[in-house]
Amino acid sequence: TATPGFDDPILTRPIVAALMAEAARLAARGAIAHPADADALCVHGMGFARRLGGPVQMAQEMGLVALRDDMRRWADLDPVWDPPLLVSEAAKYAAGFDALVPVVRTG
């Protein structure tokens, strides 16, 4: 049998969902300008493969609506998967997070 890895959706969906949700929370707090900024941090700081992007890009490729629905079910197990409002907002658009305007901080 093959060893489960990053290409195993049973493992990757919850991990990507949790990281993507945290990126959305950071953007909502103004800690980053856009959830996709977390992708650059994950590529350069956590060793995500550049070709995969980061958790936000991966979540969009998995399908935000389906992933958000999974997160709602998983949230009963742990609040880390409680989908932030920004995730639901991004799920409204075919372009996902890419359709959202970055937050511009002043001062």
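It should be noted that the structure appears before, not after, this text.
Residues numbered from 1 in each chain as written. Predicted model: local features only at pLDDT ≥ 70, side-chain atom pairs only at ≥ 80, totals over all residues. Heavy atoms only, no water.

Draft legend 1. Seen up close, the overall build of the protein chain. Secondary structure assignment for the protein chain yields 5 helices and 0 strands. Secondary structure of the protein chain in N-to-C order comes out as α-α-α-α-α. Put simply, the protein chain has 107 residues, and 40% of those count as buried. Sequence-distant contacts, at least 24 apart, represent 57% of the contacts inside the protein chain between residues at least 6 apart. (Helix = DSSP H or I, 4+ residues; strand = E, 2+ residues; numbered from the N terminus. Buried < 20%, exposed > 50% of the residue type's maximum accessible area, 1.4 Å probe, protein only. Contact = heavy atoms within 4.5 Å.)

Draft legend 2. Spatial organisation of the side chain of Gln60. Mapped onto the elements of the fold, Gln60 is located in helix H3 (residues 55-62). Overall, Gln60 belongs to the buried group, its relative accessible area being 17%. A polar contact is formed between the side chain of Gln60 and the backbone nitrogen of Asp98, at a distance of 3.3 Å. If sequence neighbours within four positions are ignored, Gln60 has contacts with Ala95, Gly96, Phe97 and Asp98. (Polar contact = N/O pair within 3.5 Å; in protein donor to acceptor, adjacent residues only side chain to side chain.)

Draft legend 3. Region of interest: helix H4 (residues 64-74). Every buried residue belonging to H4 is among Leu64, Leu67, Arg68, Asp70, Met71 and Trp74, and all of these are buried. Viewed along the axis of H4, the buried residues span an arc of 160 degrees, placing them on a single side of the element. Summarising the contacts, the buried residues of H4 are in contact with helix H1 (9-29), H3 and helix H5 (85-91). (Arc of directions from axis to C-beta.)

Draft legend 4. How the structure looks around the packing of aromatic side chains. Going through the model one piece at a time under the given rule, you end up with 1 aromatic pair. Note on Trp74 and Trp81: the rings are 5.8 Å apart at their centroids and 65 degrees apart in plane angle, and the pair reads as edge-to-face. In this structure Trp74 comes out as buried when scored by relative accessible area, which is 18%. The exposure class of Trp81 is buried, given its relative accessible area of 19%. (Phe/Tyr/Trp six-rings, centres within 6.5 Å; stacked < 30°, edge-to-face > 60°.)

Draft legend 5. Quick peek at the nonpolar core. Membership of the largest hydrophobic core comes to 26 residues, with the highest contact counts inside it found for Met20, Leu67, Met71 and Phe97. Secondary-structure elements contributing two or more residues to this core are H1, helix H2 (37-45), H3, H4 and H5. A per-element tally of this core places H1 first, with 8 residues. Once you skip the residues sitting within four places of it in the chain, Met71 turns out to touch Ala17, Met20, Ala21, Trp81 and Pro83. (Core = buried A, V, L, I, M, F, W, Y, C linked by side-chain atoms within 4.5 Å.)

Draft legend 6. Examining the environment of Ala75 more closely. Mapped onto the elements, Ala75 comes out in the loop between H4 and H5. Under the relative-accessibility criterion, Ala75 is labelled partly exposed at 22%. Beyond its immediate sequence surroundings of up to four residues, Ala75 is in contact with Trp81 and Asp82.

Read these as spatial facts, not as claims about activity.
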